[in-house]
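What the coordinates show
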Amino acid sequence: MREAWEECGAHVLVEGEGFEVVSPHSGTANTLFLAHLIRLEDSPEGRPRRWVNPLEPPWAGDYQLVVAVRVLRERRWLQPRPPLP
């Protein structure tokens, strides 16, 4: 929660257990946590922020986001979009 606030001014509520993601480039392991956004304010570090869709390029191929999307689907936090009429 502190890291989300420091990096981008996001106040979040972490839900569920963290999960490990290993970089295919360096072999370094990181623990990711999924969270619900409560509110946004300016980053105390002055960093800009940008919303991304993890299902669209170029983000869809990011090794961390691929795992995060899988976990979101397993937890039923991310539902497939209904087909357009």
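As shown above, the structure is provided for reference.
Here's a quick rundown of the structure. Treat the numbers as computed from the prediction; the structure is a model and nothing was measured.

1. Here we look at the pattern of salt bridges
Under the counting rule described, the total for this entry stands at 5 salt bridges. Notably, a salt bridge pairs R2 with E6, separated by 3.3 Å at the nearest N-O pair. Of this pair, R2 and E6 both sit in helix α1 (residues 2-8), 4 residues apart, roughly one helical turn. On the accessibility criterion, R2 (60% relative accessible area) is exposed. Overall, E6 belongs to the partly exposed group, its relative accessible area being 22%. Linking R47 and E7 is a salt bridge whose minimum nitrogen-to-oxygen distance equals 3.1 Å. Remark: E7 occurs in helix α1 and R47 occurs in the loop between β4 (35-40) and α2 (63-74); sequence separation between them is 40 residues. One network of salt bridges, with partners in common, ties together E7, E45 and R47.

2. Things to note about unusual backbone geometry
With glycine set apart, most residues show a phi of negative sign, and most peptide bonds adopt trans. Each neighbour pair has its own omega, and for P57 with P58 the value is 0°, a cis peptide bond. Structurally, P58 can be placed in the loop between β4 and α2.

3. Describing α2
In this model α2 runs 17 Å from its N-terminal to its C-terminal C-alpha over 12 residues, within 8% of the 16 Å that 1.5 Å per residue would give. Among all positions in α2, only V67, A68, V69, V71 and L72 are buried. On its buried face, α2 sits against β2 (19-22). Structurally, the start of α2 carries an N-cap: the backbone nitrogen of Q64 is 2.9 Å from a side-chain oxygen of D62. Phi turns positive one or two residues past the end of α2, at R76, with a value near 60°.

Calculation rules
Residues numbered from 1 in each chain as written. Predicted model: local features only at pLDDT ≥ 70, side-chain atom pairs only at ≥ 80, totals over all residues. Heavy atoms only, no water. Salt bridge = Lys/Arg side-chain N within 4 Å of Asp/Glu carboxyl O. Helix = DSSP H or I, 4+ residues; strand = E, 2+ residues; numbered from the N terminus. Buried < 20%, exposed > 50% of the residue type's maximum accessible area, 1.4 Å probe, protein only. Expected span 1.5 Å × (residues − 1). Contact = heavy atoms within 4.5 Å. Polar contact = N/O pair within 3.5 Å; in protein donor to acceptor, adjacent residues only side chain to side chain.

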